[in-house]
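Chain residues, written in single-letter form:
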Amino acid sequence: MAFLLLGASACVVCNNGFYQVESGADSCLECEVGRYKKDQDFGNDATFGCAFCGAGRYQSETGQAGCLPCIPGTKQPIEGETNCQACLEGRASGQSGNKNTTCDECTEGRYQPTKSQTSCLPCIPGTRQPLPGQSNCRACLEGSASSKSANSDTNCTACGQGRYQPTKSQTLCLACQVKYILLLFSFFAKILGIPSKM
């Protein structure tokens, strides 16, 4: 056990955040960064010194009685660390403390373009994202559209017969005007040899 020698006849336990593993020492040592000691808990290593901060927690200062929780948007999967890691683009974490050891991938239909975020964003109508862990959404191409939010489809819905869409990232297809439909019918009628009154 670690005691502080006082004079010749009395010893006391080192204060929180401090330790001593040598008998007869006249001072205590500060816990290193990434470690702590509290309430005479001599830790989890063979020297009975200071304990490592657990996963999801950190300590960047010496001589501390506890560790700090990683805030939402960050993670720390390793013990004894001095800081937390930012969640990268395409990932997020709404957890804190001991649960904050990983960042979750954004699911299909959602994205996150910024680091250190607590949640993912839904793809807006006119876009899609069929893959997890992405930092952006894909635009619906010409000839297709999507009115869904958080669209996880591989492709947007193709415009049906008699409808069209000349622009990307659109939520609906446009109806062809009657004169263009008739012209199209006339064109195919000639190819197929069908009599047309146009």
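A quick note: this is a predicted structure, and the numbers were derived from the prediction, not measured.

### A closer look at the overall build of the protein
Part 1: A count of helices and strands for the protein gives 1 helix and 20 strands.
Part 2: Across the 198 residues in the protein, those meeting the buried criterion constitute 27%.

### Digging into unusual backbone geometry
Excluding glycine, most residues fall at negative phi; most peptide bonds, likewise, are trans.
Part 1: You will see that Ser116, though not glycine, has its phi angle at about 60 degrees, which is positive.
Part 2: With respect to the helices and strands, Ser116 occurs in the loop between strand 13 (110-111) and strand 14 (121-122).
Part 3: In this structure, Ser169 takes a positive phi of about 60 degrees despite not being glycine.
Part 4: Checked against the element boundaries, Ser169 lands in the loop between strand 19 (163-164) and strand 20 (174-175).
Part 5: Since its relative accessible area comes to 34%, Ser169 is described here as partly exposed.

### Some words on the state of the cysteines
Part 1: Evaluation of the coordinates by the stated rule reveals 9 disulfides.
Part 2: For Cys87, the disulfide goes to Cys103, at an S-S distance of 2.0 Å. Where Cys87 bonds to Cys103 through sulfur, the torsion about that S-S bond is close to -80 degrees, and the disulfide is left-handed. Here the residue Cys87 occupies a position in the loop between strand 10 (85-86) and strand 11 (91-92), and Cys103 occupies one in the loop between strand 11 and strand 12 (104-105), the gap between them amounting to 16 residues.
Part 3: Overall, Cys87 belongs to the buried group, its relative accessible area being 0%.
Part 4: When its relative accessible area of 8% is taken as the criterion, Cys103 is described as buried.
Part 5: The disulfide that involves Cys140 links it to Cys156, with 2.0 Å between the sulfurs. Torsion about the S-S bond of the Cys140 and Cys156 cystine: about -75 degrees, corresponding to left-handed handedness. Note that Cys140 is positioned in the loop between strand 16 (138-139) and strand 17 (144-145) and Cys156 in the loop between strand 17 and strand 18 (157-158), a separation of 16 residues in sequence. Of the two residues, Cys140 and Cys156, neither departs from the other in class, the shared state being buried.
Part 6: Cys176 carries a free sulfur, and the closest cysteine sulfur to it, the one in Cys159, is 8.7 Å from it.

### Regarding the side chain of Ser93
Part 1: By secondary structure assignment, the location of Ser93 is in the loop between strand 11 and strand 12.
Part 2: The class of Ser93 is buried, set by a relative accessible area of 2%.
Part 3: Within the local environment of Ser93, its side chain forms a polar contact with the side chain of Asn100, the two groups lying 2.5 Å apart.
Part 4: Not counting chain neighbours up to four residues away, the residues in contact with Ser93 comprise Pro72, Gly73, Thr74, Cys87, Asn100, Thr102, Cys103, Gln117 and Thr118.

### Points about the side chain of Gln129
Part 1: You can see Gln129 is positioned in the loop between strand 15 (127-128) and strand 16.
Part 2: Residue contacts for Gln129: discarding those within four places in its chain leaves Glu108, Gly109, Arg110, Cys123, Gln134, Asn136, Cys137, Arg138, Asn151 and Ser152.

### Thoughts on the pattern of salt bridges
Part 1: The tally for this structure, following the rule as stated, stands at 2 salt bridges.
Part 2: Residue Glu105 is joined to Arg91 by a salt bridge in which the shortest nitrogen-to-oxygen separation is 3.6 Å. Remark: Arg91 occurs in strand 11 and Glu105 occurs in strand 12; sequence separation between them is 14 residues.
Part 3: Owing to a relative accessible area of 42%, Glu105 belongs among the partly exposed residues under this scheme.

### Comments concerning a nonpolar patch on the surface
Part 1: A contiguous nonpolar patch, built from Tyr164, Leu172 and Leu174 and spanning about 270 Å² of accessible area, is present on the exposed surface.
Part 2: Inspection of the secondary structure puts Leu172 in the loop between strand 19 and strand 20.

About the cut-offs
- Residues numbered from 1 in each chain as written.
- Predicted model: local features only at pLDDT ≥ 70, side-chain atom pairs only at ≥ 80, totals over all residues.
- Heavy atoms only, no water.
- Helix = DSSP H or I, 4+ residues; strand = E, 2+ residues; numbered from the N terminus.
- Buried < 20%, exposed > 50% of the residue type's maximum accessible area, 1.4 Å probe, protein only.
- Disulfide = S-S within 2.5 Å.
- Polar contact = N/O pair within 3.5 Å; in protein donor to acceptor, adjacent residues only side chain to side chain.
- Contact = heavy atoms within 4.5 Å.
- Salt bridge = Lys/Arg side-chain N within 4 Å of Asp/Glu carboxyl O.
- Patch = residues over 30% accessible without salt bridge, like charges linked within 9 Å, V, L, I, M, F, W, Y side chains within 5 Å.
- Areas by Shrake-Rupley, 256 points an atom, 1.4 Å probe, with all protein chains shown as cover.

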